[in-house]
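Descriptive structure summary
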Amino acid sequence: SSSNSFVTETVTRVTSNSADQRAPAIAVDASGNVYLVWTDARNGSNNIYGATSIGGSWTNVAVVTRAGSQTAPALATEAAGTWLHLVWVDDVGGNRNVRYAATEGLPSSPLLRVDLADDTSGADQLAPTLATVGSAGNGLRVFVCWQDWRNATQDGRDTDLYFVAFLQSCQQTK
């Protein structure tokens, strides 16, 4: 952080666990609270962890922990309030699928998910990203895009991008 165009800055360590933490995503809510999510291997498999700068310290919180591996998180906030929207890749069931969850601030316990892809072929969905417009009760729309392998050829060519847009009522998906 810096208050003078990085003439001077403060660098803060967010994680200190000896396992790998990688693929961070960042979002800032309407009140200026900074939220981070990342892929974290501290439990012996990849899970999604998060932290916020609210209160000055970066306390690590388990956001998505399930059997299998959860990776590639993306995060968005709303125009007002403290709702967070999260997408990630989840390999529960043997193939990688894009999952979605919403929560007000960082959750106190790990989130469950909503499946976004309608694919039943067992193909992988990867590299999700998302954006929001509006806020809860005020025309909130959530947009998600990902790379999809359902139409790929044997040599891995012809992957496609898929997109979904939906209205969200912001009920926590737990």
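The shown structure was predicted, so the numbers you read here are calculated from the model rather than taken from an experiment.

This part covers the nonpolar core. Counting 15 residues, the largest nonpolar core has Val-87, Tyr-100, Leu-116, Leu-130, Val-142 and Val-144 as the members making the most contacts within it. Elements with a minimum of two residues in this core: strand 5 (70-77), strand 6 (83-90), strand 7 (97-104) and strand 10 (138-148). Among the elements that line this core, the one with the most residues is strand 10, at four residues. If sequence neighbours within four positions are ignored, Val-87 has contacts with Ala-72, Pro-73, Ala-74, Val-98, Arg-99, Tyr-100, Leu-116, Pro-128, Thr-129, Leu-130 and Val-144. Formed by 13 residues, the second largest nonpolar core is a distinct cluster that contains Ala-27, Val-63, Trp-88 and Ala-101.

Further remarks concern the environment of Cys-145. Among the structural elements, Cys-145 can be located in strand 10. You can call Cys-145 partly exposed: its relative accessible area is 23%. Sequence separation of Cys-145 and Thr-52 is 93 residues, and the distance between their C-alpha atoms is 25 Å.

To continue, consider the confidence of the model for the protein chain. Per-residue pLDDT for the protein chain averages 86, and the proportion of residues at 70 or more is 93%. Per-residue pLDDT, averaged within each element of the protein chain, yields its smallest value for strand 8 (residues 114-115) (80) and its largest for strand 5 (96). Segment residues 170-174 is flagged for pLDDT under 50; beyond a separation of four residues in sequence, or across chains, it makes 21 contacts in the model.

Okay, the sheet that holds strand 2 (residues 34-40) next. Sheet architecture is open: four strands sit in the order 1-2-3-4, paired in antiparallel fashion. Two strands bound the open sheet, and with one partner strand each, they are strand 1 (21-28) and strand 4 (61-64). Adjacent strand axes in the sheet meet at a mean angle of 30°, parallel and antiparallel pairs treated alike. One ladder, built from six bridges, connects strand 2 with strand 3 (residues 47-52); its direction is antiparallel. If you follow Leu-36 over to strand 3, its bridge partner there is Ala-51.

Conventions adopted
- Residues numbered from 1 in each chain as written.
- Predicted model: local features only at pLDDT ≥ 70, side-chain atom pairs only at ≥ 80, totals over all residues.
- Heavy atoms only, no water.
- Core = buried A, V, L, I, M, F, W, Y, C linked by side-chain atoms within 4.5 Å.
- Buried < 20%, exposed > 50% of the residue type's maximum accessible area, 1.4 Å probe, protein only.
- Helix = DSSP H or I, 4+ residues; strand = E, 2+ residues; numbered from the N terminus.
- Contact = heavy atoms within 4.5 Å.
- pLDDT = per-residue confidence, 0-100.
- Pairing = 2+ DSSP bridges.
- Axes fitted to C-alpha atoms, helices over the stretch in contact; angles between N-to-C directions.

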